[in-house]
Amino acid sequence: MAERSLSLILASGLSTKAATTGSVPVRSSLWGMIREPAAGDWQKGVTVDPIGSITSFGAVFACIARIATDIAKLELELMQEDADGIDEEVPYSSPFWRVLRRPNHYQNRIQFLTYWLTSKLLYGNTYAVKQRDMRGIVTALYLLDPRRVVPMVTPQGDVYYSLGGDDLSRIPTGQVVPASEIIHDRGVTLWHPLVGISPLHAAAMSATQGNRIQTNSATFFQNMSRPSGMLTAPETIPDETVLRLKKEFEANFAGANIGRLLVAGDGLKYEPMTIPAQTAQMLEQLDWTVADVARVFFMPLYKINSGPMPTAGNVEALESQYYTGCLQSYIESIELCLTEGLDMESLGYHVEMDLDGLLRMDSATQITMLAEAVKGALLSPNEARKRLNEKPKAGGDACYLQQQNFSLEALAKRDSGADPFGASKPPAAPAAEPAPAAAPVKAIEDADLRTAQQIEHATAKAVQAALDRDEAAAESIKSMLSDITASLPDLVQRAVQEAMPVEVKAEEPETDVEDLAAALIAKFTEAALER
């Protein structure tokens with residue numbers, strides 16, 4: 001499948017033959033023919049074990065497996081910044097999601113990242129060849145064997161990679177591709193910028209020593225904890241006798257015959273030669289080799305079940321220390337390599353790893369943190385519920401804060417005053433004038449009612465008198481009375497409009513319309529003055 005990406009490269013005018021003319025291969029001799037812990041050790045017969053034997057040492061395997069699996073379980077996320085500078089997830093319809101969900105046809109995300117980190121930790125380098133579609137978007141990544149890839153640099157400074165072939169990725173042998181089609185993640189570059197060095201470069205001798213201790217211990221206990229020794233005689237014995245005694249001793253007291261009773265005559269004496277285990281402090285030296293390997297990988301000893309467990313009860317603090325001290329550089333390197341290698345920077349996209357799978361807190365601490373975040377308006381209730389994998393609730397999308405809390409803007413406005421804290425006393429306010437005694441409400445209502453009754457009675461008589469004399473005069477009286485009642489209180493107006501029945505006093509003599517109007521006005525004035 002990766003051949004499609006190579007065909008696109010060649011179709012764009014990049015000739016493999018021309019590109020590599022004069023190029024210089026860059027190799028690392030760490031795991032080549034020379035394997036010595038220090039200069040001159042090879043001549044002394046001091047060599048380190050090959051990488052296959054080194055990885056069989058428990059501490060080496062534990063460190064590599066721990067780092068690879070802890071990072072591989074983190075989910076890859078495709079993010080972009082919004083207008084407020086806050087990272088948000090890119091919609092799943094984006095074509096860049098495909099390679100992050102399923103990198104290739106034979107590896108899922110966890111397997112892909114595990115192999116990525118294993119290659120980097122063992123060999124110092126990880127190489128991934130890209131497969132593109134017709135739009136040029138990367139749709140698959142194939143991890144290559146680091147031992148079969150050689151970086152090459154041309155005299156002009158261009159970088160190419162010679163691929164040794166990979167049947168699983170369907171890459172033929174002898175392909176040379178430019179750096180734009182390879183994602184190259186490398187470790188510490190001690191000798192060349194394109195060649196990373198594995199942590200085993202520094203841990204190889206300790207791992208070899210650990211293997212030697214365990215091998216010697218296995219042999220020691222295989223011999224029933226009885227070390228080898230020698231037979232001595234008080235006098236000189238001929239060589240033929242020496243060879244015969246040696247042959248008989250090994251045949252009768254070695255291997256499965258260990259533990260038989262030895263009867264040595266003629267003054268022969270058996271003397272052990274190997275240092276006892278307690279003298280050699282085998283366990284202490286083995287623990288030291290484990291600690292030295294863990295130190296090279298920046299791995300806390302308790303993470304590989306060696307050394308004392310921390311006494312601190314804060315799980316989050318321990319995981320945060322593990323992340324910053326050991327994993328952070330590997331995680332950020334993968335994020336940056338994928339962001340740049342997938343050519344998504346121009347769109348404002350970037351790859352992140354979800355650290356929630358690593359920095360998990362215990363349930364009590366997590367609930368306390370979420371409760372404080374909701375109380376402080378840092379998270380809405382539904383956002384906190386999402387962290388606990390709980391469904392949202394109606395009304396839980398808003399942030400809540402108590403009303404006695406003031407905004408920073410309000411506090412700044414207060415502090416900008418001449419006396420923000422009110423230290424100086426304000427001038428005394430002038431004494432207020434005493435309010436007039438309020439009339440009893442009941443008395444006012446009774447007076448208004450009496451006035452309304454009087455006006456109603458006078459109105460009826462005036463209108464009747466006007467009708468008897470002249471219809472025009474009646475209309476004039478109605479208009480005048482309407483003007484008068486418009487200025488009366490509501491209670492009086494309602495009394496007039498509803499034609500409240502009044503008792504007609506017989507002693508009141510009939511008068512002319514003009515006199516009746518004058519009398520009505522006088523009564524209204526008198527009633528108003530009484531109110």
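As a reminder, the structure under discussion sits directly above these lines.
Along every chain, residues carry numbers that run from 1 in the direction the sequence is written. With the structure being a predicted model, the display of local features is reserved for residues of pLDDT at least 70 and the display and counting of side-chain atom pairs for 80 or more, all residues being used for whole-chain, interface and lining totals. The side-chain quantities take in all heavy atoms of the structure and omit both hydrogens and water.

Participant: Can you lay out the overall build of the protein chain for me, pointing to particular residues and giving the numbers?
Facilitator: Each helix and strand in the protein chain was counted, giving 18 helices and 14 strands. Contacts are assigned to residue pairs with any non-hydrogen atoms lying within 4.5 Å of each other. When contacts within the protein chain are restricted to residue pairs at least 6 apart in sequence, those whose partners lie at least 24 apart make up 65%. Carbon and sulfur atoms provide 55% of the accessible area of the protein chain, an area that totals close to 33100 Å². Strands here are runs of E lasting at least two residues and helices are runs of H or I lasting at least four, both read from the DSSP assignment and numbered beginning at the N terminus. Surface accessibility in these figures is a Shrake-Rupley result with a 1.4 Å probe; residues are shielded only by whichever protein chains are displayed.

Participant: Explain unusual backbone geometry to me, and be specific about the residues and the numbers.
Facilitator: Of note in this structure, Arg170 is not a glycine but carries a positive phi near 60 degrees. You can see Arg170 is positioned in the loop between strand S7 (159–163) and strand S8 (175–178). Although it is not a glycine, Phe298 adopts a positive phi angle of roughly 55 degrees. With respect to the helices and strands, the residue Phe298 is situated in the loop between helix H10 (282–296) and helix H11 (315–341). The buried label applies to any residue whose accessible area, calculated with a 1.4 Å probe on protein chains only, is under 20% of its type's maximum; exposed applies above 50%, and partly exposed to all values in between. The exposed category is assigned to Phe298, whose relative accessible area is 57%.

Participant: Pulling in residues and values, what's your account of the side chain of Lys303?
Facilitator: By the element assignment, Lys303 lies in the loop between H10 and H11. Excluding anything up to four places from it in sequence, Lys303 contacts Arg66, Glu319 and Tyr322.

Participant: Lay out empty space enclosed by the protein with the relevant residues and their values.
Facilitator: Note on definitions: the grid is 1 Å and covers protein atoms alone; a cavity is a set of points where a 1.4 Å probe fits but cannot get out; a pocket is an open set with protein on both sides within 12 Å along at least five of seven lines; lining residues have an atom within 4 Å of a point. Grid points are joined across faces, edges and corners, and a volume is the space filled by probe spheres set on the points. Taken as a whole, this structure holds three cavities of 30 Å³ or more when the rule is applied. Looking at the largest cavity, its volume works out to about 50 Å³. Around the largest cavity, the lining residues are Leu144, Asp145, Arg148, Val149, Leu163, Gly164, Gly165, Asp166 and Ile171.

Participant: Talk me through the sheet that holds strand S3 (residues 87–89); I want residue IDs and the actual numbers.
Facilitator: The pairing of strands in a sheet happens through backbone hydrogen bonds and is either parallel or antiparallel. When DSSP locates at least two bridges between a pair of strands, those strands are taken to pair. With respect to topology, three strands assemble into an open sheet ordered S3-S2-S14, the strand pairing being antiparallel. Among the strands making up the open sheet, the edge pair consists of S3 and strand S14 (349–353). Looking at each pair of strands side by side, their axes are set apart by 50 degrees on average, direction ignored. Pairing geometry for strand S2 (residues 76–81) and S14, over five bridges, is antiparallel. Looking at S14, one finds that Met79 is bridged to His350. Between the N-to-C directions of two axes lies an angle of 0 to 180 degrees, each axis being a line fitted to C-alpha atoms and, for a helix, fitted only over the stretch in contact. Running over the sheet, H11 touches S2 and S14 and is turned about 155 degrees from S14.

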